[in-house]
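Descriptive analysis of the structure
This is what each chain is made of:
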Amino acid sequence: MELGNDTEVLEFILLGLSEVEELQPLFLGLFLAMYLVTFIGNLLIILATITSSHLHTPMYFFLANFSFVDICFTSTTIPKMLLNIQTHNKTITYQGCLTQMYFFILFAELDIFFLCIMAYDRFVAICHPLHYTVIMNPRLCVLLLLLSWILSVLDSLLRGLLVLRLSFCTNLEIPHFFCEINQVIQLACSDNLLNIIEMYFATVVMGIIPLTGIVFSYSRIVSSIRRITSARGKYKAFSTCGSHLSVVSLFYSTGLGVYFSSSTTQNSRESAISSVIYTTVTPMLNPFIYSLRNKDIRGALKGLVGIVT
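Rules used throughout
- Residues numbered from 1 in each chain as written.
- Predicted model: local features only at pLDDT ≥ 70, side-chain atom pairs only at ≥ 80, totals over all residues.
- Heavy atoms only, no water.
- Helix = DSSP H or I, 4+ residues; strand = E, 2+ residues; numbered from the N terminus.
- Buried < 20%, exposed > 50% of the residue type's maximum accessible area, 1.4 Å probe, protein only.
- Contact = heavy atoms within 4.5 Å.
- Areas by Shrake-Rupley, 256 points an atom, 1.4 Å probe, with all protein chains shown as cover.
- Axes fitted to C-alpha atoms, helices over the stretch in contact; angles between N-to-C directions.
- Parallel < 35°, antiparallel > 145°, perpendicular 65-115°, else oblique.
- Left-handed = near helix turned anticlockwise from the far one by under 90°.
- Nonpolar A, V, L, I, M, F, W, Y, C, P; charged D, E, K, R; others polar.
- Patch = residues over 30% accessible without salt bridge, like charges linked within 9 Å, V, L, I, M, F, W, Y side chains within 5 Å.
- Salt bridge = Lys/Arg side-chain N within 4 Å of Asp/Glu carboxyl O.
- Lys, Arg positive; Asp, Glu negative; His and termini not counted.
- Charge placed at Lys NZ, Arg CZ, Asp CG, Glu CD.
- UniProt positions renumbered as here; feature names shortened; annotations may be inferred.
- Pairing = 2+ DSSP bridges.

Turning our eyes to something else, we now look at the overall build of the protein. The helix and strand tally for the protein stands at 11 helices and 3 strands. Each helix and strand of the protein, ordered N terminal to C terminal, gives the series β-α-α-α-β-α-α-α-β-α-α-α-α-α. With 309 residues in all, the protein has 50% of them scored as buried. A fraction of 80% describes how many contacts in the protein between residues 6 or more apart in sequence connect residues 24 or more apart. Accessible surface for the protein amounts to roughly 15000 Å². Of this, 70% is attributable to carbon and sulfur atoms.

So this is what it looks like as structure tokens:
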């Protein structure tokens, strides 16, 4: 917090969701509970997928990876937030802030890619059921997984390197509960035009293009389902993708809205509160959405509980 234009940045200050001291114990208990539910719920999905042989399919392979990424996604922000509340210390080091930004972008983009891949998986399963095992073969699944990781790692690394070129002045207060890259860029007193251009370009490539793929997949799915004559067949087809569609809607409606708004406004306390939805609530709800609407997952979880007990 120390500084002039040319001195080294040592710390940023995370203002959090509220500066009202009386609310801090409430936030501590609430976010600790949500983090534990997120961690345990997604871990159970992973263990159920590993231990149940009938879940060793492309759909559940990507669901297990999606759950792993959700655990990592929330772990980049919530533990630091809880530590700051507990210790009454709102600071985060410059290196810690860059590290948090890097991993937050990495896992957020992996979430987006996995949502797109899972939509494609449902498209193949419903629109081309006879060729499903041929198209979604293990080699393609691993290739899609590796491609998602490579693209996410490269983009998060590029954005981190672009932040390194910025210099910061004396105002190092971030009106957020984590180092959100848009807010950090706004604190720079050097030219940040290149960062802003890259930010919007990355949003199109990493956000809008996968969303277009999801919309296309579901448009074809709906078209195929409409040609199914039996009501039972239509219900079965919809039930296989209803959970995924719910997660996509929740993630994108909050994530993209917060992402665009926070880059154009200086008063981002409202966007910080809204970002709780896609950074914390959505990963917490995902295991419930997939387990409650999927009898295979429910059966695997019951079997897993039986093994433990």
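For the rest of this paragraph, the subject is the packing of helix H4 (residues 94-127) against helix H6 (residues 138-164). Two quantities define a packed helix pair, namely the angle between the axes and the distance from one axis to the other. Running from amino to carboxyl end, H4 crosses H6 at an angle of 150°, the nearest separation of the two axes being 9 Å. One element, H4, and the other, H6, form an angle in the roughly antiparallel class. The two elements H4 and H6 meet at a crossing, and its hand is right-handed. Broken down by class, the residue content of the contact of H4 with H6 amounts to 19 nonpolar, 3 polar and 3 charged.

Right, let's talk about a positive patch on the surface for a bit. A cluster of basic residues, Arg232, Lys236, Lys295, Arg298 and Lys302, forms a positive patch at the surface. Those elements that provide at least two residues to the positive patch are helix H9 (231-262) and helix H11 (295-308). Ranked by the residues each element gives to the positive patch, the list is headed by H11, at 3 residues. Relative to the helices and strands, Arg232 is located in helix H9.

Looking now at the UniProt feature "transmembrane region" (unreviewed entry) in the protein. In this structure's numbering, the residues bearing the UniProt feature "transmembrane region" (unreviewed entry) are residues 26-48, 60-82, 102-120, 140-158, 199-218, 238-260 and 272-292. Annotation note: span residues 140-158, helix share 100%, strand share 0%, distance between end C-alpha atoms 27 Å. Within residues 199-218, the helical portion is 100% and the strand portion 0%, while the C-alpha atoms at the span's ends are 27 Å from each other.

A word on the sheet that holds strand S1 (residues 11-14). Here 3 strands make up an open sheet; going across it, the order is S2-S1-S3 and the pairing mixed. Of all the strands in the sheet, the pair left with one neighbour each is strand S2 (91-93) and strand S3 (173-174). Sheet topology places S1 next to S3; 2 bridges connect them, and they run parallel. Considered in S3, the bridge of Leu14 is made with Ile174. Lying over the sheet, H4 contacts S1, S2 and S3, oriented at roughly 85° with respect to S2.

A separate point is unusual backbone geometry. Leaving glycine aside, a negative phi is the common case for residues, and trans is the common case for peptide bonds. Non-glycine residue His88 carries a positive phi angle of around 55°. For His88, the location among the structural elements is in the loop between helix H3 (78-87) and S2.

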